[in-house]
Amino acid sequence: MPLHPRARELQPPVDRRLETPRAAGVAGIAFAVLFVASILLLRDQPAGGSSGAEIRAFYLGGHANRVALVGVYLVPFSGIAFLWFIAVIRNMLADREDRFFATVFLGSGLLFVAMLFIAAGVGGALLIAVKFQHEPLPSADSVLLVRSFAFGFLFIYAMRMAAVFMIVVSTIAMRLGVFPRWLVAAGYAAALVLILNVSYAETLILVFPAWVAAVSVVILRTSAPA
């Protein structure tokens, strides 16, 4: 006998559980690719000691500023991919997650994304102002100041948060035995380098995306069906 429409409304809803999409497993690899690409594109800007002619050629030229602008727009997508990567790690931990480590884990990850966005926003501020707001060309001193701010946020703050994130994830993985020992050791070593580093060696930025990509590969391999 068919149910009355009112009776259908009173029936309890079907239990529908959200399942982690398979594509989430590649989030770390996507972050690594987008992050490295955006950094490489953004670094091709006038240095602090650039002459007026070099600054004019960059901001008024066609190719160079478009390349840097692409880097500015890639950064938000790398941040989004990293948020998915955080979700993948939490899904892997499931109910074994510890509150203390979970707090530091989420805090350091979110602060890294925030510092990354600030660095990219500051680094692309002059380019956006000239290209879209028709502001006058910046002076060499303005270029130096903006470049220093962007480097400071990226190297001093974002990379330290990345190091804390690596330490926490490596510690959790070691205690639960979800990562191979070489990956845990690599995470600790890389985090130590990023924390103690006091230089602006640009190659050190590649340490973090390389580690994230390695973690994603391990997760994909261990979660693949036999």
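About the thresholds
- Here the residue index of a chain counts from 1 through its sequence in written order.
- Since the coordinates come from a predicted model, pLDDT governs what is reported: local features require at least 70, and pairs of side-chain atoms require 80 or more to be given and counted, while whole-chain, interface and lining totals use all residues.
- Hydrogens and water molecules were not included; the side-chain quantities draw on all heavy atoms of the structure.
- The way it works is that DSSP assigns letters per residue, a run of H or I at least four long becomes a helix, a run of E at least two long becomes a strand, and they are numbered from the N terminus.
- Exposure categories follow from relative accessible area, calculated using a 1.4 Å probe and restricted to protein chains: below 20% of the type maximum is buried, above 50% is exposed, and the middle band is partly exposed.
- What a helix should span is 1.5 Å times the count of its residues minus one.
- To get the bend at any residue, fit one axis to the seven residues that end at it and another to the seven that begin at it, then take the angle between the two axes.
- Axis definition: a line fit to C-alpha positions, over the contact stretch in the case of helices; interaxial angles, taken between N-to-C directions, run 0 to 180 degrees.
- Note on angle classes: values under 35 degrees are labelled roughly parallel, values over 145 roughly antiparallel, values of 65 to 115 roughly perpendicular, and the remainder oblique.
- Should the near helix be turned anticlockwise from the far one by less than a right angle, the crossing is left-handed, and should it be turned clockwise, the crossing is right-handed.
- Residues count as neighbours in contact if any of their non-hydrogen atoms are within 4.5 Å of one another.
- Here the nonpolar group is Ala, Val, Leu, Ile, Met, Phe, Trp, Tyr, Cys and Pro; Asp, Glu, Lys and Arg are the charged ones; every other residue, Gly included, is treated as polar.
- A pair of aromatic rings is counted whenever rings of Phe, Tyr or Trp (Trp by its six-membered ring) have centres within 6.5 Å, and the orientation is called stacked for planes under 30 degrees apart, edge-to-face for over 60 and tilted otherwise.
- Residues grouped as a nonpolar core are buried Ala, Val, Leu, Ile, Met, Phe, Trp, Tyr and Cys residues, joined through side-chain atoms within 4.5 Å.

Draft legend 1. The overall build of the chain, seen in detail. Counting its regular elements, the chain contains nine helices and zero strands. Its helices and strands in sequence order give the chain the pattern α-α-α-α-α-α-α-α-α, from N to C terminus. Every one of the 226 residues in the chain was classed for burial, and the buried ones make up 38%.

Draft legend 2. Here's a closer look at helix 7 (residues 140-176). An ideal rise of 1.5 Å per residue puts 54 Å on 37 residues; helix 7 measures up with 52 Å between its terminal C-alpha atoms. The sharpest bend along helix 7 reaches about 30° and sits at A158. Phi for G177, located one or two positions after helix 7, is positive at around 70°.

Draft legend 3. The packing of helix 7 against helix 8 (residues 181-196), seen in detail. At a minimum axis separation of 8 Å, helix 7 and helix 8 run at an interaxial angle of 155°. Judged by the angle between their axes, helix 7 and helix 8 are roughly antiparallel. Seen from above, helix 7 lies across helix 8 with left-handed handedness. In this structure, helix 7 uses M159, R160, A163, M166, I167, S170, T171, A173 and M174 to contact helix 8, whose residues at the interface are V184, G187, Y188, A190, A191, L194 and I195. A per-class count over the contact of helix 7 with helix 8 returns 12 nonpolar, three polar and one charged.

Draft legend 4. Fine view of the packing of aromatic side chains. If you walk through the whole model with that rule in mind, you get 18 aromatic pairs. With a centroid separation of 5.2 Å and an interplanar angle of 25°, the aromatic rings of F105 and F165 are classed as stacked. On the criterion of sequence distance, the pair formed by F105 in helix 5 (residues 99-123) and F165 in helix 7 is long-range, its members being 60 residues apart. Among the aromatic residues, ring-to-ring pairing joins F31, F35, F82, F85, F105, F112, F165, F208 and W211 into one connected group.

Draft legend 5. Inspection of the nonpolar core at higher detail. Membership of the largest hydrophobic core comes to 47 residues, with the highest contact counts inside it found for F82, F112, L154, F165, F179, F208 and W211. Ranked by the residues each element gives to this core, the list is headed by helix 7, at 12 residues. Excluding residues within four positions of it along the chain, F165 makes contact with F82, F85, I86, F105, S108, G109, F208 and W211. In this structure, I55, Y59, V130 and V143 belong to the second largest nonpolar core, which totals 10 residues.

Draft legend 6. Geometry of the environment of G107. By secondary structure assignment, the location of G107 is in helix 5. Sequence separation between G107 and M161 is 54 residues; the distance between their C-alpha atoms is 8.7 Å.

Draft legend 7. Broad picture of the packing of helix 5 against helix 7. Contact pair helix 5 / helix 7: the axes reach a minimum separation of 8 Å and the direction vectors enclose 160°. The angle between helix 5 and helix 7 places the two elements in the roughly antiparallel class. As helix 5 runs across helix 7, the sense of the crossing is left-handed. Among the residues making up the contact of helix 5 with helix 7, the classes are represented as 25 nonpolar, four polar and one charged.

As far as function goes, none of this settles anything; it's purely spatial.
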